[in-house]
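Here is how the chains run, residue by residue.
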Amino acid sequence: MAAPLALSPLLLGDPIRLTEPVRSRDDLLRAIEQPPLNEPGLLAIGLGVVLLHALAGSTGHLTLRWVQLAPGSALLGEQPTELVVVLTAPLGESGIAMRLVASLKACFRDATLIARARGARTREDLVRILAPVEEAVGTSTLSNDDVLALLGSTSSGLDGGEAARRL
C-alpha cells in the first residue's frame, strides 16, 4: 500500500470562511470566487464534510482549498455541510488525486479532527492540525462509485464527445 500523500504542500492559502449559508454547488463556487471548473462534482468525505472536485480536464496543478461554511449550509440533500475541500487537478494527476481523496476520507472519519479543522483560521493552523493525523490514519478505500464520480464518468464509460475532449 502506498503511503498517504502530504496534504500541506497542496493547501492553497488560508481557509475561506463564508458568512452566508450556501445550498448549491453553484452558490458555493460564486461565494469563493472560484475560476470556472470543468464539470465539478460533490462527494461526501466525512460527516458534514464535502469534497468539491474537478479532476477531468482541469488545467494547472493539483491544489486544495479549504472552505468553512456558515451554519445552515447543505450541499448534499438536507444533511448540514460544515466544511468543503475544493480539489482541482489536471487529468494527468488523477491518480495522485485519488490517493489524496483516500487520505482525506481516512482523516475525516475522526469527528474531533473535523471540529478542529473547522476552527482553523490560517493555512498554518490547518497544517498543524492535519500533519499528525494524516500520517497516523493512512488511507481509506474508495468505492467504485466514488472513483467514477471523481473522474466524471459512469460505469458505462464516457460518451464519445467527452472522450475526444479529454484526449
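The rules behind the values
Residues numbered from 1 in each chain as written. Predicted model: local features only at pLDDT ≥ 70, side-chain atom pairs only at ≥ 80, totals over all residues. Heavy atoms only, no water. Helix = DSSP H or I, 4+ residues; strand = E, 2+ residues; numbered from the N terminus. Buried < 20%, exposed > 50% of the residue type's maximum accessible area, 1.4 Å probe, protein only. Areas by Shrake-Rupley, 256 points an atom, 1.4 Å probe, with all protein chains shown as cover. pLDDT = per-residue confidence, 0-100. Polar contact = N/O pair within 3.5 Å; in protein donor to acceptor, adjacent residues only side chain to side chain. Pairing = 2+ DSSP bridges. Salt bridge = Lys/Arg side-chain N within 4 Å of Asp/Glu carboxyl O.

> Please clarify how the overall build of the protein chain should be interpreted in this entry.
The number of helices and strands found in the protein chain is six helices and five strands. Across the protein chain, helices and strands are ordered from the amino to the carboxyl terminus as β-α-β-β-β-β-α-α-α-α-α. In the protein chain, buried positions account for 45% of the 167 residues. As displayed, the protein chain has an accessible area near 8300 Å², and 55% of this comes from carbon and sulfur atoms.

> Hey, could you run me through the confidence of the model for the protein chain in this one?
Low pLDDT means the predicted atomic positions in that stretch should not be read closely. Here the protein chain averages 83 in pLDDT, while 87% of its residues score no lower than 70. Taken element by element, the protein chain is modelled with least confidence in helix H5 (residues 144-151), mean pLDDT 72, and with most confidence in strand E1 (residues 16-17), mean pLDDT 95.

> Before we go on, may I ask you to explain the side chain of Ser 73 in this structure?
Positionally, Ser 73 belongs in the loop between strand E4 (63-68) and strand E5 (83-90). With a relative accessible area of 2%, Ser 73 lands in the buried category. Side-chain polar atoms of Ser 73 contact the backbone oxygen of Ala 70, separated by 2.8 Å.

> Whenever I open this one, the pairing of E5 confuses me. Can you help?
Each regular strand carries side chains that alternate between the two faces of the sheet. For E5, the buried fraction is high: eight of the eight residues fall into the buried class. Here E5 shows a buried face lined by Leu 83, Val 85, Leu 87 and Ala 89 and a second buried face lined by Val 84, Val 86, Thr 88 and Pro 90. In this structure, E4 lies alongside E5, joined through six bridges in antiparallel fashion. Directly across from Val 67, in E5, lies its bridge partner Val 84.

> What am I meant to see in the pattern of salt bridges here?
Close approach of charged atoms allows side chains of opposite charge to pair. Evaluated as defined, the whole model comprises five salt bridges. Note that Glu 78 and Arg 23 form a salt bridge whose closest N and O atoms lie 3.1 Å from each other. Here the residue Glu 78 occupies a position in the loop between E4 and E5, and Arg 23 occupies one in the loop between E1 and helix H1 (25-31), the gap between them amounting to 55 residues. Glu 78 sits in the exposed class, given a relative accessible area of 65%. What makes Arg 23 partly exposed here is its relative accessible area of 43%.

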